[in-house]
Amino acid sequence: MFGIEMQQAPGKLPGFYAQVIHKIGDHVNVYDRDEQLLIVENEQERDKLIEILEKASMLGEEFPLWLLPANAEMADLDAVGFESQDGHLYVYADRVAAFTLDPAIGAERDRWAALEQMKESILGRIPAAAASDTWYLIDSEQDQLMLGIAKAYGVQLHFFAE
């Protein structure tokens, strides 16, 4: 997903803003929004939205996003993401990394001990029916630390790759 920030066009009348919103509604499938951040699902919709906002001199920053499932548990969402007006949870894709623990590598007690040590750095998790399928979210700059902890306990992590 992509978040595109819509900025106010300097010196334009309110009617101009309404026209731009109407054009976006006619040409772009906006999935969600958070104040001035419009969220689209794919690159094609992102490109159409950017084109409209560029022509109107209203283009702000672009943010690659991950839409989290409804069962995601986040300890500090504000540090790496936000909740949209529609109640969806998003994290900034460049600020987080996600991993699972390989259930076939290492003993169960070692996976548990590694997770206990990692808890300080885990920002959230996406639980699954099988504990081994649970995804853990961390600050993207903590990936080497997590790999070091896993290595120390003889377990293996698998990071999410887009």
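Before reading further, recall that the structure is shown in the block above.
Numbering of residues starts from 1 in each chain and follows the order in which that chain's sequence is written. In view of the model being predicted, local features appear only for residues whose pLDDT reaches at least 70, and side-chain atom pairs are presented and counted only at 80 or more, with totals across whole chains, interfaces and linings using the full set of residues. In computing side-chain properties, one takes all heavy atoms of the structure into account and sets aside hydrogens as well as water.

## Structural notes on the environment of His 27
Put simply, the rule reads: Going along the chain from the N terminus, every DSSP run of H or I of four or more residues is numbered as a helix, and every run of E of two or more is numbered as a strand. Only protein chains enter the accessibility calculation, which uses a 1.4 Å probe. A residue is then buried if its area is under 20% of the maximum for its type, exposed if over 50%, and partly exposed in between. The contact criterion used throughout is that any non-hydrogen atoms of two residues lie within 4.5 Å.
Counting through the fold element by element, His 27 comes out in helix H1 (residues 14-27). Taking the relative accessible area as the measure of exposure, His 27 reaches 44% and is therefore partly exposed. Separated by 25 residues in the primary sequence, His 27 and Ile 52 place their C-alpha atoms 8.9 Å from one another. With residues near it in sequence (within four places) discarded, His 27 still touches Glu 45, Lys 48 and Ile 52.

## Regarding the pattern of salt bridges
The line we're drawing: Within this document, salt bridges are pairs made up of a side-chain nitrogen of Lys or Arg and a carboxyl oxygen of Asp or Glu, the two lying within 4 Å of each other.
Using the criterion set out here, one finds seven salt bridges in the structure. Between Lys 55 and Glu 51 there is a salt bridge, and its shortest N-O distance comes to 3.4 Å. Linking Lys 55 with Glu 51, this pair stays in helix H2 (residues 43-55), spanning four residues, or about one helical turn. According to the relative accessible area criterion, Lys 55 is exposed, its value standing at 64%. Glu 108 is paired through a salt bridge with Arg 111; the nearest N and O atoms lie 3.0 Å apart. Taken together, the positions of Glu 108 and Arg 111, both in helix H4 (residues 108-118) and three residues apart, correspond to about one turn of that helix. On the basis of relative accessible area, Arg 111 is assigned to the buried category, the value being 12%. Overlapping salt bridges, with partners in common, bring together Arg 46, Asp 47 and Glu 62 in one network.

## Side note on the packing of H1 against H2
The test is simple: Angles run from 0 to 180 degrees between N-to-C directions of axes, and those axes are lines fitted to C-alpha atoms, restricted for helices to the stretch in contact. Throughout, the term roughly parallel applies to angles under 35 degrees, roughly antiparallel to angles over 145, roughly perpendicular to angles from 65 to 115, and oblique to all others. Here a crossing is called left-handed whenever its near helix is offset anticlockwise from the far helix by less than a right angle, and right-handed whenever the offset is clockwise. As a working rule, the residues Ala, Val, Leu, Ile, Met, Phe, Trp, Tyr, Cys and Pro are called nonpolar, Asp, Glu, Lys and Arg charged, and the rest polar, with Gly in that last group.
At a closest axis distance of 10 Å, the pairing of H1 and H2 adopts a crossing angle of 155 degrees. Here H2 runs roughly antiparallel to H1, going by the angle between their axes. When the axes of H1 and H2 are compared, the crossing they make is right-handed. On the side of H1, the interface is formed by Val 20, Lys 23, Ile 24 and His 27, while H2 contributes Glu 45, Lys 48, Leu 49, Ile 52 and Leu 53. In terms of residue class, the contact of H1 with H2 is built from five nonpolar, one polar and three charged.

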